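# Per-entry structural report
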Amino acid sequence: MSRIPHILVSNDDGYLAPGLLALVNALRPLGKITVVSPEQNHSGASNSLTLSRPLSIHRVAGGERDGFLFVNGTPTDCVHMAMTGFLHEKPDLVVSGINQGENMGEDVLYSGTVAAAIEGVMFGVPGVAFSQVDRGWAQIEDAANAARDIVEQTLKEPLERGDGIATLLNVNIPNGNYEQLKRWRITRLGTRHHSQPVIVQKNPRNEDIYWIGPAGEARDFSEGTDFHAIAQGCISITPMQLDLTNHARQASMRSSGWDRG
């Protein structure tokens with residue numbers, strides 16, 4: 001890329017999250033950075049848009065997050081608003097994260113981190129979603145430096161597939177020092193067992209309240225999956241696509257007479 005790339009950065013942990021700040025600081029040498037992030041944590045928001053109320057954008061003035069923009073909405077709201085009216089130019093890349101906790105297997109269907117990257121792809125802009133496997137932000141600067149290397153590699157290559165569809169990458173980074181994070185594996189999504197049961201508690205009025213239970217443990221963690229790469233201490237990079245069509249099933253249904261007329 002001959003000109004300075006413009007990178008739009010978002011996340012789902014909110015604009016105050018340490019993972020966002022570390023990522024932005026690591027990416028600054030690579031180009032122009034615009035940050036549009038949720039005001040509050042929106043983990044698990046998936047691709048939700050806020051349609052029932054107006055949204056507001058605010059700019060941080062001063063401090064280490066000076067210039068960050070935050071929205072009282074979801075990660076998808078943030079990228080959508082940036083793409084459809086707030087930015088004067090379309091960015092070259094949407095980078096989301098660094099999330100606190102892994103997004104592997106079926107997690108990607110729930111993840112607000114992945115959703116922000118997906119929203120960029122829906123507007124024809126390549127997206128990369130970064131997650132750090134263990135929660136707590138340990139060694140987040142090392143993870144951010146590893147993320148910078150992956151973004152730098154992404155910018156060196158064609159950002160569209162041969163069919164013109166923008167690249168979408170889901171990246172999970174083990175907690176470790178930078179030297180340990182130089183082993184990358186190109187992976188597919190593994191699968192999880194069903195989520196654990198909801199947790200039932202009582203509120204002060206003795207009414208039942210429910211907490212969504214933890215995600216299920218890995219079920220398919222065979223070689224080649226994101227789970228396997230992480231278990232080997234490698235960064236997992238999973239190319240993804242938005243086409244959810246089951247093409248094999250589509251063909252079998254046509255051959256068995258489902259097409260009528």
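Residues numbered from 1 in each chain as written. Predicted model: local features only at pLDDT ≥ 70, side-chain atom pairs only at ≥ 80, totals over all residues. Heavy atoms only, no water.

### Thoughts on the UniProt feature "binding site: a divalent metal cation" (unreviewed entry) in the chain
How we decide: UniProt positions are given in the numbering used here, feature names are shortened, and annotations may be inferred rather than shown by experiment. Method remark: on a 1 Å grid restricted to protein atoms, a set of points is classed as a cavity if a 1.4 Å probe fits but cannot get out and as a pocket if it is open with protein on both sides within 12 Å along at least five of seven lines; lining residues have an atom within 4 Å of a point. Here, two residues are considered to be in contact whenever any of their heavy atoms come within 4.5 Å of each other. For the purposes of this entry, the term helix denotes a DSSP run of H or I that reaches at least four residues, the term strand denotes a run of E that reaches at least two, and both are numbered from the N terminus. We call a residue buried when its accessible area falls under 20% of the maximum for its residue type, exposed when it is over 50%, and partly exposed in between, using a 1.4 Å probe and counting protein chains only. Think of a polar contact as two N or O atoms within 3.5 Å of one another; within protein, one of them needs to be a possible hydrogen donor and the other a possible acceptor, and neighboring residues in sequence only count if both atoms come from side chains.
Mapped onto the present numbering, the UniProt feature "binding site: a divalent metal cation" (unreviewed entry) falls on Asp12, Asp13, Ser43 and Asn99. In summary, the annotated positions, though distributed over 88 residues, converge in three dimensions, the widest C-alpha pair being only 8.8 Å. When the annotated set is filtered for residues lining the largest pocket, what remains is Asp12, Asp13, Ser43 and Asn99. If we skip the residues at most four places from it in the chain, Asp12 touches Pro38, Gln40, Asn41, His42, Ser43, Gly44, Pro75, Asn99, Ser111, Gly112 and Thr113. Mapping Asn99 onto the fold places it in strand S5 (residues 93-100). Since its relative accessible area comes to 6%, Asn99 is described here as buried. The residues touching Asn99, leaving out its near neighbours within four places in the chain, are Asp12, Asp13, Thr113, Phe130, Ser131, Gln132 and Trp137. In terms of polar contacts, Asn99 uses its side chain to reach the backbone carbonyl oxygen of Gly101, at 2.8 Å.

### Things to note about unusual backbone geometry
Between Gly97 and the following residue, Ile98, the backbone shows a cis peptide bond with an omega angle of -5 degrees. Among the structural elements, Ile98 can be located in strand S5. The backbone of Ser46 shows a phi angle near 50 degrees, a positive value even though the residue is not glycine. Here Ser46 shows up in the loop between strand S2 (32-38) and strand S3 (57-59). Residue classification places Ser46 among the buried positions, given a relative accessible area of 19%. The residue Gln139 is not glycine, and still its phi comes out positive at about 55 degrees. With respect to the helices and strands, Gln139 occurs in the loop between strand S6 (127-132) and helix H5 (140-156).

### Some points on the sheet that holds S3
Test applied: For two strands to count as paired, DSSP must find a minimum of two bridges between them. Note on geometry: axes are lines fitted to C-alpha atoms, helical ones only across the stretch in contact, with angles between N-to-C directions running from 0 to 180 degrees.
Pairing is mixed across the open sheet formed by nine strands, whose spatial order is S3-S4-S2-S1-S5-S6-S7-S13-S8. The sheet terminates laterally at S3 and strand S8 (184-186), the two strands that pair on one side only. Within this sheet the neighbouring strands show an average axis-to-axis angle of 20 degrees, counted without direction. The pairing of S5 with S6 spans five bridges and is parallel. Paired with Ser96 across the two strands is Ala129, which belongs to S6. Contacts from helix H1 (residues 18-27) reach strand S1 (6-10), S2, S5 and S6 within the one sheet, and its direction differs from that of S5 by about 140 degrees.

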